[in-house]
Structures are given as C-alpha cells and as structure tokens.
Amino acid sequence: MSRIGKMPIAVPAGVTVTIAENNKVTVKGPKGTLERELAPELTIEEKDGHITVTRPNDLKRMKSLHGLTRTLINNMVHGVTDGYEKVLEVNGVGYRAAKQGKTLVLNLGYSHPVEMVDPEGIETVLEGQNKIIVKGISKEKVGQYAAEIRDKRRPEPYKGKGIKYADEVIRRKVGKTGKK
C-alpha cells in the first residue's frame, strides 16, 4: 500500500472541499479557491473532516496515481489556508529588481531592463533591491513563475552572479590563473 496515498488529509476549519463527478475537486478557503480535475479511476471520499484516497487495484499506474492524487489535494488544502512562497535573491554588481504596479523590472546586465508581468493569482513582493518573494495559493504556479524569473539570468559558478533561490547553494569553480 502507498504510504503517502493512504494517509488521510485533515481539512482545517474554514475550508470546504467539494468532489464533483470525474473527480473534479474544488477547495475553498480563506485565501481563495483552487480547482483541479484528478484521475477518475481513484475514489476520493470526505468523511468527518478528513479526505481519503483509495485505489481500485494494484496496477502500476494506480499505485503511481494514488500518492500523487493525495499529495495534489493536500497541496490545494495547504495553499488556500497558508499559501506558498518562494524567495529569490539577485546577486551581482548593478543587478537589481524594481516593481512598477504589477510589473517586475529586472536590471541584469543586459542592454535593456527585463520586464515580467505577474500572472493571475501570483504576487511578487520586493525586500530591498535584491530580494524577490513570489507568493500565491497554487504551489505549481508559484514554483513555475519563480523558475521563469530565475531563468532570466541563472547564477554562474565563477562569481555567483545571477538570480538564485534563497536556499540554493551554488557550486563555485576556481577561475583561471595567470602564466608565469
């Protein structure tokens, strides 16, 4: 049995979970609403404040979907109660971030500033000129937008310049040494 899949999901107070046909799960909470269509083969049930996911048989596909489905629902419940956030750091001389309305303007050593408009349901907050916090209720969207920001200038291994996650460790390399 899947160790993650068989764990029940506790539904906190103030959160409503509705399961429609074709396993369309809607989670409403204090921070917003998330909706997702999950694998129709699995059975999702809500009983006295807990959600359980069960699989019909032990085929490889069902085993794979069991843990995944449970985790996706759990992430939705966590998202509408606490929300998700990713912290990015901008490192480098002259590299900085600024906010103009819903647009994030990044100066990353290119001949032009890079402008990124916040997608729907995602908010970017700046702390100083070199710390970007991406917030939202969908774990998937927060992670995707943070990755897109990081892709504008990835950290390089020699000086560590670029945009990196706050918890990311950059493997540093030794530069060239001059001839004698």
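Residues numbered from 1 in each chain as written. Predicted model: local features only at pLDDT ≥ 70, side-chain atom pairs only at ≥ 80, totals over all residues. Heavy atoms only, no water.

What follows concerns the overall build of the protein. Helices and strands together make up the secondary structure of the protein, namely two helices and 13 strands. Its C-alpha atoms give the protein a radius of gyration of 21 Å, more than 25% over the compact-globule value 16 Å for 180 residues. Overall size of the protein, expressed as C-alpha extent along the three principal axes, is 70 × 45 × 25 Å. Burial analysis of the protein (180 residues in total) assigns 36% to the buried set. For the protein, the proportion of contacts with a sequence separation of at least 24, taken over those separated by at least 6, is 49%. Put simply, the protein shows about 11,300 Å² of open surface, and 49% of that area lies on carbon and sulfur atoms. (Helix = DSSP H or I, 4+ residues; strand = E, 2+ residues; numbered from the N terminus. Rg over C-alpha atoms; globule rule 2.2 N^0.38 Å. Buried < 20%, exposed > 50% of the residue type's maximum accessible area, 1.4 Å probe, protein only. Contact = heavy atoms within 4.5 Å. Areas by Shrake-Rupley, 256 points an atom, 1.4 Å probe, with all protein chains shown as cover.)

Our next topic: the pattern of salt bridges. Summed over the entire model, instances satisfying the criterion amount to 10 salt bridges. Its salt-bridge partner being K164, residue E89 comes within 3.3 Å of it at the nearest N-O pair. Placement of E89 in strand β7 (residues 84–91) and of K164 in strand β13 (residues 162–165) is noted, with a sequence separation of 75 residues between them. For K164, a relative accessible area of 11% puts it in the buried group. (Salt bridge = Lys/Arg side-chain N within 4 Å of Asp/Glu carboxyl O.)

This brings us to the packing of aromatic side chains. What the rule picks out here adds up to zero aromatic pairs. K86 extends its terminal NZ or CZ atom over the ring of Y165, reaching a point 5.1 Å from the ring centre. Positioned over the ring face of Y110 is R153, at 4.3 Å from the centre of the ring. (Phe/Tyr/Trp six-rings, centres within 6.5 Å; stacked < 30°, edge-to-face > 60°. Lys NZ or Arg CZ within 6 Å of the ring centre and 35° of its normal.)

Ordered in space as β1-β6-β5, the three strands form an open sheet in which the pairing is antiparallel. Whereas interior strands pair on both sides, the edge strands pair on one side only; in this sheet they are β1 (9–10) and β5 (43–47). Pairing of β5 with strand β6 (residues 50–54), which is carried by five bridges, proceeds in the antiparallel orientation. In the strand pairing of β6, K47 is matched with H50. Of the strands in this sheet, β1, β5 and β6 are in contact with helix α1 (residues 60–81), which crosses β6 at around 160 degrees. (Pairing = 2+ DSSP bridges. Axes fitted to C-alpha atoms, helices over the stretch in contact; angles between N-to-C directions.)

All right, on to helix α2 (residues 139–151) then. If you check α2, its first and last C-alpha atoms are 18 Å apart, about what 13 residues at 1.5 Å a residue would give, namely 18 Å. All buried positions along α2 are accounted for by V142, Y145, A146, I149 and R150. Burial along α2 is one-sided: seen end-on, the buried residues are contained in an arc of 140 degrees. (Expected span 1.5 Å × (residues − 1). Arc of directions from axis to C-beta.)

Moving on to the environment of E45. Along the chain, E45 turns up in strand β5. Excluding its chain neighbours within four sequence positions, the residues that come into contact with E45 are I19, H50, I51 and T52.

We now examine the pairing of strand β4 (residues 32–37). Here strand β3 (residues 24–29) pairs with β4 via six bridges, running antiparallel. Bridge pairing in β4 links K28 to T33. What sits between β3 and β4 in their antiparallel hairpin is a turn of two residues.

Attention shifts here to the side chain of N23. Within the fold, N23 resides in the loop between β2 (16–20) and β3. Polar contacts involving the side chain of N23 include one to the main-chain carbonyl oxygen of L42, which spans 2.7 Å. (Polar contact = N/O pair within 3.5 Å; in protein donor to acceptor, adjacent residues only side chain to side chain.)

Glancing now at the sheet that holds strand β10 (residues 114–117). Taken together, the three strands give an open sheet; going across it, the order is β8-β9-β10, and neighbouring strands pair in antiparallel fashion. Each edge of the sheet is formed by a strand with only one pairing partner; in this case those strands are β8 (96–100) and β10. Direction aside, neighbouring strands of the sheet carry axes that sit 25 degrees apart on average. Two strands pair when backbone bridges link them, and strand β9 (residues 103–107) and β10 are joined in this way by four bridges, in the antiparallel orientation. By the bridge assignment for β10, L104 is matched with M116. Along the sheet face, α2 touches β9 and β10 and points at about 170 degrees away from the line of β10.

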